[in-house]
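# Observations on the three-dimensional arrangement
This is what each chain is made of:
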Amino acid sequence: RFGWSIEDFKEALKAPLAAINPVRFAGRLDPDSVLVIEAAEDSCIPASARERFWHAMGRPERVSYQYDHRVTFLAMTFLGGYDLQRQIHRFLDRTIVPRLVRYQAAQNDPGQR
């Protein structure tokens, strides 16, 4: 439509998207507290980009639905049996709950104050 090549398009978007590029934040997060959810057949985000992101994040736990972006979205709804919510809840139960219990125990331990 604008007569741009793919390279022109990439160059035009580079600066505006740099501020929100998630890879910029990769080293600031504990990979044990991250759950990556992806659509294996995603046509919006190429597999190579998802793989680079996953490595940059420190290889956190990953759930990959073997569908495209749209069908994977349905995993969050009753149409997908709320499978995605169950995946997230299991992750939070394994990661957040033990940290909360340790925090609460430390708060109640007079030797920790």
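That block above? That's the structure.
Residues numbered from 1 in each chain as written. Predicted model: local features only at pLDDT ≥ 70, side-chain atom pairs only at ≥ 80, totals over all residues. Heavy atoms only, no water.

### Focus on the nonpolar core
Counted only if it meets this: Among buried residues, those of type Ala, Val, Leu, Ile, Met, Phe, Trp, Tyr and Cys that are joined through side-chain atoms within 4.5 Å constitute a nonpolar core. Note on exposure labels: buried denotes an accessible area under 20% of the residue type's maximum, exposed denotes more than 50%, and partly exposed covers the range between, all computed with a 1.4 Å probe on protein chains only. Only DSSP runs of H or I covering at least 4 residues are called helices, and only runs of E covering at least 2 are called strands; the numbering of each starts at the N terminus. Only heavy atoms matter for contacts: two residues are in contact if any of them lie within 4.5 Å across the pair.
If you look at the biggest cluster of nonpolar residues, it comprises 6 residues: Leu 35, Val 63, Tyr 65, Ala 75, Leu 84 and Phe 91. Of all the secondary structure elements, the ones that give two or more residues to this core are β2 (61-65) and α4 (83-108). Among all residues touching Leu 35, those that are not within four sequence positions of it are Glu 61, Arg 62, Val 63, Gln 87, Ile 88 and Phe 91.

### Structural notes on unusual backbone geometry
Even without a glycine there, the phi angle at Arg 59 is positive, about 60 degrees. Among the structural elements, Arg 59 can be located in the loop between α2 (47-56) and β2. The exposed category is assigned to Arg 59, whose relative accessible area is 53%. Of note, the phi angle at Tyr 82 is positive, near 55 degrees, even though the residue is not glycine.

### Things to note about the pattern of salt bridges
The criterion, for reference: The salt bridge criterion pairs a side-chain nitrogen of Lys or Arg with a carboxyl oxygen of Asp or Glu, the two atoms within 4 Å.
Enumeration according to the criterion identifies 7 salt bridges in this entry. The shortest N-O distance in the salt bridge between Glu 11 and Lys 14 comes to 3.5 Å. Of the two residues, Glu 11 and Lys 14 are both situated in helix α1 (residues 6-18); the distance of 3 residues between them amounts to about one turn of the helix. Here Lys 14 falls in the exposed class, since its relative accessible area comes to 52%. Measuring nitrogen to oxygen at the nearest pair gives 2.4 Å for the salt bridge that ties Glu 61 to Arg 94. You can see Glu 61 sitting in strand β2 and its partner Arg 94 sitting in helix α4, a full 33 residues away along the chain. Residue classification places Glu 61 among the partly exposed residues on the basis of a relative accessible area of 35%. The structure contains a network of salt bridges with shared partners spanning Glu 38, Arg 50, Glu 51 and Arg 62.

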